[in-house]
Amino acid sequence: MKVFKFGGTSVGSPQHIQTVIRIVKKALEDDRIVVIVSAFGGVTDDLLKAGKLAEKGNDEYKEILNRLEKRHLESVKNLIDVKHQSAVTAQVKMMFNELGDVLHGVFLVKELSLKTLDFVMSFGERLSAYIVAKSFLNQRIDAVLADASKLIKTDDNFGTAHVNLHSTYDLIRKYYKETDSLIIFPGFIGSSPAHEITTLGRGGSDYTASLVAAALGASELQIWTDVDGVMTIDPRKVSKAFPIKKLSYAEAMEMSHFGAKVIYPPTIQPVFNKNIPLWIKNTFNPEAEGSLISKKTADTGAPIKGISSIDKIALCTLHGSGMIGVAGISMRLFTALATNKVNVILISQASSEHSITFAISPEDAPRAATAVEREFAYEIKQRLVEKLEVNENHSIVAIVGENMKKTRGIAAKLFTTLANNGINVAAIAQGSSELNISIVIENHELRKALNAIHDSFFLSETRDLHVFIMGVGTVGKMLLQQISEQLTQLISEHGVNIKIAGLANSKKMLLSEAGISLEKWNETLNTEGEKSNVFKFIDKMIALNLPSSIFIDCTANADIAACYKKALNASISVVTPNKVACSGKFADYRMLKETAQKKGVRFLFETNVGAGLPVIGTLNDLIKSGDRIHRIEAILSGTLNYIFNTYSNEIPFSRAVKQAQQLGLSEPDPRIDLNGVDVARKILILARESGVNLEFKDVIKENFLPEKCQHAKTVDAFLRELVKYDVQFETKRAQLEKQNKKLRYVASYEKGKAKTELLEFAQSHPFYWIEGKDNIVLFYTDRYPEQPLVVRGAGAGAEVTAAGVFADIIRIASI
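One structure accompanies this document, and this report is about it. Since we're looking at a predicted model, the values are computed, not measured.

## Structural notes on the packing of helix H2 (residues 43-55) against helix H5 (residues 114-138)
Between two packed helices, what matters for the description is the angle formed by their axes and the separation of those axes.
Then step 1. Across the interface, H2 lies against H5 with an axial gap of 9 Å and an inter-helix angle of 150°. Relative to H5, H2 is oriented roughly antiparallel. The two elements H2 and H5 meet at a crossing, and its hand is right-handed. In this structure, H2 uses Val 43, Thr 44, Leu 47 and Leu 48 to contact H5, whose residues at the interface are Leu 117, Val 120, Met 121, Phe 123, Gly 124 and Glu 125.
Then step 2. Its residues assigned to classes, the contact of H2 with H5 comprises seven nonpolar, two polar and one charged.

Following this line, the structure appears as structure tokens:
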């Protein structure tokens, strides 16, 4: 025979109860079944709330009572044929009258004892089991309703009664032998030696099912719920959770102790003692395989079996010099807690014996503090021990699996994952069995930690990067296109999945934890986005607290650059082609680099200098490998190089500038490129990356534009004015052509000094041969004293800049 238990969601509506009947009816074709049911979904909480309201003298409990009665009567109406409804309806109303009388008494005396509360809460299962039993009969399935209060015998510890296994097993076996009918058994309920109703505490209906299965020696116990099995992690917090096919009793107990909602620790013990397989199945997807809990685990290929968590705990620490080497401190501490009924969830003690840290429910914290201070009153008075330190708003995360003890590096992987996501660990606990590693973190980091750990251990072949892009103009748009084109290959070949979690332009912004479609991002941003605000975008990005987050700034906005520190402090990497941050004050530049290092994230700005060229990366590699930079010579403006390579006797200088503007190679105002400020910023960044403290004002800058062009009021006025100097530029070009020379706008750094200037180069110099919009950088170092290390390639344009940003994203993915 088999025992089926159906949870509150499984019997939460008439339609769901019909599904339960179909599942049981099919199973009855092959075997005898005993059915245990919970209260209708949410009813137990409502009964508790009604009791608490009545205790306070608040007659709003009647509203809850009326709503519950209406819900149960509606179920009868939908499940029972009209000709049989009156008797069932009358019984349900009689039970609610009894419940109402009890609550009215509580209301009058304003007292709710645990014994009375047990009686009140028992009505959830009693009503549910009665209606379910009558529904089976209505379907012509011979069913009988068991009175759990006569079969489950407990002590009088109301609220969490302890079961007398010997008596209970005998009574259940006897009852089972006396009937051949389908037994419908209300869960959660028992009775004391004085025959007063008791309840079995959290997960009590599952415990009832386990007791029945153990008593009858069932071939298996099936717990039917609303998920496809025991999940690798809480699916409400991690969307990628999936069912665990097989796990051991020990693994299941570890996971249930630390918050797995599908099962509870007491549930497993009776079937564990009798070696009865336990299945977790989905009422709403009965064809799903489910999870099997048995004596032996199964090798899933992953080093751990699952991850569980407890949302809210209080982390308490007792510490003081008077604890070191003193016998009996731990015994006194935990005896005091036990005496005051404080349940300890986790314990961690330093080897120095200077402190003992433990986790408890926040509701128990005041009682724990009082108990500990009473027990250690003398030591506290003598300053040998400090008062109990209590820190709330913490959570516990536990990774569980029997195979952990056979696998090296589990702890390293766990803590590396947390560190890479900026999550601080407040306490650690691991048993010698190596079945579980538990950590305590701040509550607001829980969702981020769970997602990151789950990805690391179960989906390590694919890593999600959550990308937030500020600025979806020319470069940003091209970046999104490149990501879209490469995403499939990135996932399949490199295990990197880039999710666009935020987008913003000057008008609209949109953030989404689920991700923004790359196919319709522009339409989605315009239709669903809210008014754009830089600071609000940053705050929302931080509030989402997603693992492996990257903020990308594709603007030239100083306000956005000022937000980098805030993002880095939130353990969010920053990638930017915006030169403002790195070419601003040296102190700010250093602060950003140091913040990134401190937080274990990346601050990457490769595109600040050479667009898609690996200029900064090459420089950093030289320095990290012990080389020293003596001199840097560079053509760092693809725009200027394009202009000087394009203008000729056929194309005047002003037309070359206009073409660069039309092709998107220059800024909308080409003077920003032509006045050398952009090049000055780039050489400043290279100098700083070489280890030199320089400010922008220290860079010597040559502006070769005629003064009237520099001060033109508009871009159009500038372009008109520039035409007047075409002859002058052409004269200079023609003279140099006769000498086999070319003009180049060059940046250089040597001996702590940086400058930009317009120079002439002969064919013997590599700068002469630079074509189109290419950039070139020459590094003279200890290793390259005469023949420089050369980096050369396209140095302007949205496509190559976007590619450079994309490359920085991939660098972060490879951490």
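Now that the structure has been shown, we can carry on.
## Re the packing of aromatic side chains
Then step 1. Throughout the structure, instances matching the rule amount to 24 aromatic pairs.
Then step 2. Between Phe 242 and Phe 458, the aromatic rings sit 5.6 Å apart at their centres with planes inclined by 90°, giving edge-to-face as the arrangement. Note that Phe 242 is positioned in the loop between strand S7 (220-225) and strand S8 (246-248) and Phe 458 in helix H15 (residues 446-458), a separation of 216 residues in sequence.
Then step 3. Taken together, a centroid distance of 6.4 Å and an interplanar angle of 65° make the contact between Phe 551 and Tyr 564 edge-to-face. Note that Phe 551 is positioned in strand S21 (residues 549-553) and Tyr 564 in helix H20 (residues 564-569), a separation of 13 residues in sequence.
Then step 4. A residue is classified by how much of its surface remains accessible, and Tyr 564, at 0% relative accessible area, is buried.

## Focus on the pattern of salt bridges
Then step 1. Evaluation of the coordinates by the stated rule reveals 35 salt bridges.
Then step 2. One salt bridge in this structure joins Lys 682 and Asp 678, with 3.4 Å as the shortest N-O distance. Placement of both Lys 682 and Asp 678 in helix H28 (residues 677-689) is noted, with a separation of four residues, approximately one turn of the helix. Both residues of the pair, Lys 682 and Asp 678, count as buried.
Then step 3. Where Glu 695 meets Arg 688, a salt bridge forms, and the shortest distance between an N and an O atom there is 3.4 Å.
Then step 4. Judged by its relative accessible area of 25%, Glu 695 is partly exposed.
Then step 5. According to the relative accessible area criterion, Arg 688 is buried, its value standing at 3%.
Then step 6. A cluster of three or more residues bridged by salt bridges with shared partners is formed by Asp 234, Arg 236, Lys 237 and Asp 311.

## Describing the sheet that holds strand S29 (residues 789-794)
Then step 1. Strand order in the open sheet made by the six strands is S25-S27-S26-S24-S28-S29, with mixed pairing throughout. For this open sheet the edge positions go to strand S25 (700-701) and S29, each flanked by a neighbour on one side alone.
Then step 2. Strands in contact with helix H24 (residues 615-624) are strand S24 (629-635), strand S28 (774-781) and S29; relative to S28, the strand with the most contacts, it is inclined by about 10°.
Then step 3. Contacting S24, strand S26 (741-750), strand S27 (753-762) and S28, helix H25 (residues 638-646) runs over the sheet at an angle of about 160° to S26.

Parameters and conventions
- Residues numbered from 1 in each chain as written.
- Predicted model: local features only at pLDDT ≥ 70, side-chain atom pairs only at ≥ 80, totals over all residues.
- Heavy atoms only, no water.
- Axes fitted to C-alpha atoms, helices over the stretch in contact; angles between N-to-C directions.
- Helix = DSSP H or I, 4+ residues; strand = E, 2+ residues; numbered from the N terminus.
- Parallel < 35°, antiparallel > 145°, perpendicular 65-115°, else oblique.
- Left-handed = near helix turned anticlockwise from the far one by under 90°.
- Contact = heavy atoms within 4.5 Å.
- Nonpolar A, V, L, I, M, F, W, Y, C, P; charged D, E, K, R; others polar.
- Phe/Tyr/Trp six-rings, centres within 6.5 Å; stacked < 30°, edge-to-face > 60°.
- Buried < 20%, exposed > 50% of the residue type's maximum accessible area, 1.4 Å probe, protein only.
- Salt bridge = Lys/Arg side-chain N within 4 Å of Asp/Glu carboxyl O.
- Pairing = 2+ DSSP bridges.

None of this, on its own, says anything about what the molecule does.
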